[in-house]
Amino acid sequence: MSAASLAVVVVVVFFLALYLLQRYGDLRKQQRMVLLGTLLSWYLCFLIVFILPLDVSTTIYKQCLIDNAHQPLTPVTRARRSNQTDESFSVYSTLRTPQACEEPWSYIPDGILPVFWRVVYWTSQFLTWLLLPFMQSYARSGAFSRVGKMKTALFENALYYGTYLLIFISLLIYLATHPKWHLTWSQLHTIGITAANTWGLFLLVLLLGYGLVEIPRSYWLSSSHGYLLDKAYFKAAKMATEKAEAEENLADVMEEVAGCHESVRYNSSLRKCVDTILTKCPSDYQEEMRGRDVESSSGEQNAIPTKIRLIKLHKKVISAVQRYRQAQVQWPILLDQAFHLEDVAKSQLSPVRHFTHSFPSEQHHGWIHRFIFTPAVEWYWECVFRQGFYKLLAVVLCLLSAAVVWSECTFFNTNPVLSLFAVFVQMAEKQHNYICIEMVCFVSILFLCFCVFSTVFRIRVFHYYHLVPHHQTDAYSLQFSGMLFCRLTPPLCLNFLGLIHMDSAISHQDRIQTSYTSIMGSMRLLSFISDGFYIYYPMLILLLCFATFYSLGSRCLNLLGLHQYITDDDFTSDLVDEGRELIKRERRKRNKAEDGENRRWARRERFGVNGTSGRTRGGYTEIKDNQSSPVTQNKKNVITFTRQDVESEEQQRRLLQDNSSDEGSPNRRSTGGRYLSVSHSQTRLFDDV
């Protein structure tokens, strides 16, 4: 059963990592090495999280065997009632036998977990410190050959790791010259692991302090449709600005590409580099540049670019096209979310318990929506049950966050045991309830990982790092997330083992260690880290939770010009109003497009079928005996059409007149690359949308 459980966990975790990679990355277009490195890093980190509870239960079972083996047989006096009248009880001496240890259902035999942890840990460390940084620089490089990309990656990483190497050599010299230290290979191995875990713990506490507060609060606020709708308006205003900036940036870069395309002739040695750049451009720009080939022979010639300039231009093209595609994909998705939230607001006020979509033609009509998630079920979920469910989930997450904060501040105290997670595990250990032990460990470590990893998926560092769903994440961000996962997961697991008092370096208890902590070496080698930093630094979570609760980080970002959604901020209210008007404009555009499509479909139904049914190959009409004249039939259709469609055309003309101000001054580039004059800055930002 143990081998089967381990195999099931390994397979399930692989498909979980593959699903996340398919959601955020593009499995068909991105480089295979990028996808493989990211998948392997995510997979190894998830394996550590899912296998660690099995390691804890196996270690507790081994501890039970050791305790029974060393427990002496002690005499015990007990009384037994008798039926005799002259004696009310008899006293006799027995020997107490040790309590039997039940083998857990997920017991893993000796020798398997140590090898497994060594392979997983050292592979993840090799990925995060050596391979993934090199692949990051390789993917971002604008060189046109593999050798050139490798040179760029080696040069960038040499500067980065040269600093680490200098610090490591200085520390090594200090330890070698210290009279109390006698370094061996195992001690050097432990110092390296301790340094990596210390770096990861430093970042882990920052991310955990944010996630412990923000995740329960986000679920509580998500129970309010008004909050979600205002936030959708806020996102729409910001996304419109980003979309306009991405289009302007792409147009600027394409103008530079067009200049290089016209200046570099086909017999030049740099022509192959220019053609490589052209393949990275959008298809419409490629056709426009090919159309300029005829005109460029008579026009004035630009200066011939150098190869270094083409390399930089290649890198700019890759970045600009990626930003443009992200904006083009995210914009309609955000519009659909805003339209859905507006439909929810209308359905809450409607007396009919039937959810109605504004654009039913764009909804997915699968068997789930047809038989299970019907409009009536959707109305009850969106208008009745969703609010209560999200509030209940927020309360549960809030209790877990409070337990984590309390345990992080008290886990170093072993007598009495104050850590809540250690209390639960020890209670289950006394009853030999290994399933309960594994569930407590799994839920606890899964919640910690959810708080940390969800923060990794949410944060955005300008245009350098941003995990975008719907297959729009670039290679650099995917690999950066893999690096963060590999650096955060080992210290997170060590911190969790300290919370349940399974790490003897922190709890100072005479217990058998888990197989995971055995590969880390003895942390007592560096007492100022095991007894100082690992114990007192996690208490900083309490301060970070207060800062997150009062949104101090978001307010600081607002002061720096990086606007965040804060309910009591004036600028946020202005962006919400702009987003509301923007959503109204997009709704009108979509309504007009849908009405036009419906009219075209009606015309095809009336004239496309009936009007051409009697025509022959030569274009003339053959009148049969039982068929009326096509001229008479067409007269009837024309009379019917004119009576019904005159009103629709008048209504369309009024809509066009009402919305002429919305589309009267488009923010587009002229052929010379200059902008048309615009009267208002807000119109300049949002007209392209």
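Bear in mind that the values here come from a model prediction, so they are computed numbers and not experimental data. (Residues numbered from 1 in each chain as written. Predicted model: local features only at pLDDT ≥ 70, side-chain atom pairs only at ≥ 80, totals over all residues. Heavy atoms only, no water.)

Engineer: How would you summarise the state of the cysteines if you had to cite specific residues and measurements?
Structural biologist: If you walk through the whole model with that rule in mind, you get one disulfide. Covalently, cysteine 64 is tied to cysteine 101 through a disulfide, its sulfur atoms 1.8 Å apart. A torsion of -80 degrees about the S-S bond marks the disulfide between cysteine 64 and cysteine 101 as left-handed. Residue cysteine 64 is found in helix 2 (residues 32-69), and its partner cysteine 101 is found in the loop between strand 2 (89-95) and helix 3 (112-140); the two are separated by 37 residues along the sequence. Given the relative accessible area of 12%, cysteine 64 is considered buried. The thiol of cysteine 45 is not disulfide-bonded; the next cysteine sulfur, from cysteine 486, is found 3.8 Å away. The class of cysteine 45 is buried, set by a relative accessible area of 2%. (Disulfide = S-S within 2.5 Å. Helix = DSSP H or I, 4+ residues; strand = E, 2+ residues; numbered from the N terminus. Buried < 20%, exposed > 50% of the residue type's maximum accessible area, 1.4 Å probe, protein only.)

Engineer: Run through unusual backbone geometry, naming residues and quoting values.
Structural biologist: Between asparagine 415 and proline 416 the backbone carries a cis peptide bond, its omega angle lying at 0 degrees. Assignment of secondary structure puts proline 416 in the loop between helix 12 (375-410) and helix 13 (420-430). Located in the positive-phi region is histidine 471, a residue other than glycine, with phi close to 65 degrees. Of note, histidine 471 is situated in the loop between strand 4 (465-466) and helix 15 (475-499). Here histidine 471 falls in the partly exposed class, since its relative accessible area comes to 35%. A positive phi angle is found at histidine 501, which is not glycine, with a value near 60 degrees. If you trace the backbone, histidine 501 turns up in the loop between helix 15 and helix 16 (504-507). Look at histidine 501 and you get buried, because its relative accessible area is 2%.

Engineer: Please provide a residue-by-residue account of the confidence of the model for the chain, values included.
Structural biologist: Per-chain confidence: the chain averages 79 in pLDDT, with 78% of residues scoring 70 or above. The model gives residues 73-97 a pLDDT under 50, and that stretch makes 26 contacts with residues more than four places away or in other chains. Under a pLDDT of 50 for its full length, residues 652-689 has, in the predicted model, 53 contacts with residues more than four places off or in other chains. (pLDDT = per-residue confidence, 0-100. Contact = heavy atoms within 4.5 Å.)

Engineer: Describe the nonpolar core, naming the residues involved and giving the relevant values.
Structural biologist: Grouped together as the largest cluster of nonpolar side chains are 92 residues, with contacts concentrated most on Trp42, Ile51, Trp117, Leu212, Ile500 and Tyr516. Not counting residues up to four positions away in its chain, the partners in contact with leucine 212 are Ser401, Val404, Val405, Phe447, Cys451, Ile541 and Cys545. In this structure, Tyr233, Ala236, Val576 and Ile583 belong to the second largest nonpolar core, which totals 22 residues. (Core = buried A, V, L, I, M, F, W, Y, C linked by side-chain atoms within 4.5 Å.)

Engineer: Tell me about the packing of aromatic side chains, and name the residues and values.
Structural biologist: What describes a pair of aromatic rings is the distance from one ring centre to the other and the angle between the planes of the rings. Here the structure, examined in full by the defined rule, presents 30 aromatic pairs. Relative to phenylalanine 389, the ring of tryptophan 381 lies with its centre 5.9 Å away and its plane at 55 degrees, an arrangement referred to as tilted. Residue phenylalanine 389 is classed as partly exposed on the basis of its relative accessible area, which comes to 44%. Positioned over the ring face of tyrosine 476 is arginine 140, at 4.7 Å from the centre of the ring. Across from the ring centre of tryptophan 129, 3.9 Å away, lies the NZ or CZ of arginine 487, which sits over that ring. (Phe/Tyr/Trp six-rings, centres within 6.5 Å; stacked < 30°, edge-to-face > 60°. Lys NZ or Arg CZ within 6 Å of the ring centre and 35° of its normal.)

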